[in-house]
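Analysis of the macromolecular model
One letter stands for each residue in the lines below.
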Amino acid sequence: MNKRQLMRGATALVCAALAGGLAQAQDFPPKKPVTLVVGFAAGGAADAAARLIAKKLGENVGQTVVVDNKAGAGGNIAHQFTAKGPADGSLLLFGSIGPLTIAPHLMKVGYDPFKDLAPVSGGVNFPNVLVVHKGVGAKTLPELVALAKKPGARVEFASTGAGSASHLAGEMFNQAARIDMVHVPYKGGAPALQDLLGERISSYFAAPPTAMPHVEAGKLIPLATTGLKRPAYLPNIPTVAESGYPGFEALNWYAFVAPGKTPAPILDRWNTEIVKVLNDAEVKKALEGHGLTPQPTTRAPPGATITSLAAQGTSSSILIKNTIPPPTQMLGPRAPRFEVTIGSWS
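None of the values given here were measured: they were computed from a predicted structure. (Residues numbered from 1 in each chain as written. Predicted model: local features only at pLDDT ≥ 70, side-chain atom pairs only at ≥ 80, totals over all residues. Heavy atoms only, no water.)

1. Digging into the overall build of the chain
Secondary structure assignment for the chain yields 12 helices and 13 strands. If you take every contact in the chain between residues at least 6 apart in sequence, the share linking residues at least 24 apart comes to 75%. Total accessible area on the chain is roughly 15,200 Å²; 56% of this is exposed by carbon and sulfur atoms. (Helix = DSSP H or I, 4+ residues; strand = E, 2+ residues; numbered from the N terminus. Contact = heavy atoms within 4.5 Å. Areas by Shrake-Rupley, 256 points an atom, 1.4 Å probe, with all protein chains shown as cover.)

Below, the structure written as structure tokens:
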């Protein structure tokens, strides 16, 4: 075989590969049901938002979108599952701030959010609301702090898992108030709330959709929200910042991501469809009714990180500066203190 024949053969192979890749990239929607993975138990804020969005998404693209709850490890199990899943457009993840931007700095998570996951669009963001059960005996944030400072007192705060946004919010507040509430991790908002209602834990930095029905029923007491301003849907609940801790802010968010090797054209198509759903008037109204602000974004530019995707739609960030405890300590009943700074996204 001469040089010219070799060149022709190589060219044919390249063209065939490109054609195959293009065909794969244009296979949208996928020919099989789409799975939208959620890292927390059914019944929580992430699950409720994901199911609402998945229903409309399926209607728009003409393909079934199934929500798959893979709870545990603060959402890390779901993120690891997605990172190793099929990169053909049939798998999406309703990713969360903890596993994408916090947990990888604190423990081995089995995936690299910068390489193994690809950003698709922002999802929703919201402040948490700190709630306690009536047996705690605190009706305001200063009263809870005073209780936690009493000698021998034990005040717990629940989270959706080690390294989650609610975990970090609690540790931030511990630092700001100079108290030592005990961290108790759960597999999601629903089981955490169940134990709070059963008075087995003292408090929980909860997502509004899971907590507010119980507040309205008189079963829980809201002490403060974690944004800089009072949300329009919670006008009568003060912020942590206005309750004696100026500048305190701990926002939570969810964003859509896919396996890292998913072809860019498919990611772009999913971005278009997800943004369309998040801008839908009925979907927006439903999400906002749950205390969640839709946050559709463009896809991050090539080479950008998951964190930069979140930065497009978020006004502030939480940066871990100093202590990064090992996983064994993180999962213990008294996690070491986080040294954190609250500042703006660059």
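2. Focus on unusual backbone geometry
Of note, the phi angle at Ala73 is positive, near 55°, even though the residue is not glycine. Here Ala73 is to be found in the loop between β2 (65–69) and α3 (76–83). Here Ala73 falls in the partly exposed class, since its relative accessible area comes to 45%. Here the phi dihedral of Glu199 falls at roughly 60°; this positive angle occurs in a residue that is not glycine. Overall, the relative accessible area of 46% leaves Glu199 in the partly exposed class. (Buried < 20%, exposed > 50% of the residue type's maximum accessible area, 1.4 Å probe, protein only.)

3. Comments concerning the pairing of strand β3 (residues 91–96)
Successive residues of a regular strand alternate their side chains across the two faces of the sheet. Most of β3 is tucked away, with six of its six residues classed as buried. Of the two faces of β3, the one carrying Leu91, Leu93 and Gly95 and the one carrying Leu92, Phe94 and Ser96 are both buried. Note that strand β1 (residues 34–38) and β3 share four bridges and pair parallel. Bridge pairing in β3 links Thr35 to Leu91. (Pairing = 2+ DSSP bridges.)

4. A few points about the packing of aromatic side chains
Taken as a whole, this structure holds nine aromatic pairs when the rule is applied. Seen from the ring of Phe81, Lys70 lies directly overhead, with NZ or CZ sitting 4.4 Å from the centre. (Phe/Tyr/Trp six-rings, centres within 6.5 Å; stacked < 30°, edge-to-face > 60°. Lys NZ or Arg CZ within 6 Å of the ring centre and 35° of its normal.)

5. Considerations on the nonpolar core
Within the largest apolar cluster, 44 residues are counted, with the highest numbers of intra-cluster contacts made by Leu141, Leu144, Phe173, Met181 and Tyr245. Elements with a contribution of two residues or more to this core: α3, β3, α4 (97–102), β5 (129–133), α5 (141–148), α6 (165–177), β9 (220–225) and β10 (251–259). Top contributing element to this core by residue count: α6, with six residues. Residues contacting Tyr245, with those up to four places away along its chain left out, are Leu141, Val145, Phe173, Ala176, Ala177 and Val240. (Core = buried A, V, L, I, M, F, W, Y, C linked by side-chain atoms within 4.5 Å.)

6. A look at helix α8 (residues 208–216)
Looking at α8, one finds that the buried residues are Pro208, Pro209, Thr210, Ala211, Met212 and Val215. Elements that come into contact with the buried residues of α8 comprise α2 (45–61), β4 (117–127), β5, α7 (189–197), β8 (203–206) and β9. Directly beyond the C-terminal end of α8, a positive phi value near 80° is found at Gly218.

7. Digging into the side chain of Ser121
Among the structural elements, Ser121 can be located in strand β4. Exposure remark for Ser121: the relative accessible area of 0% places this residue in the buried category.

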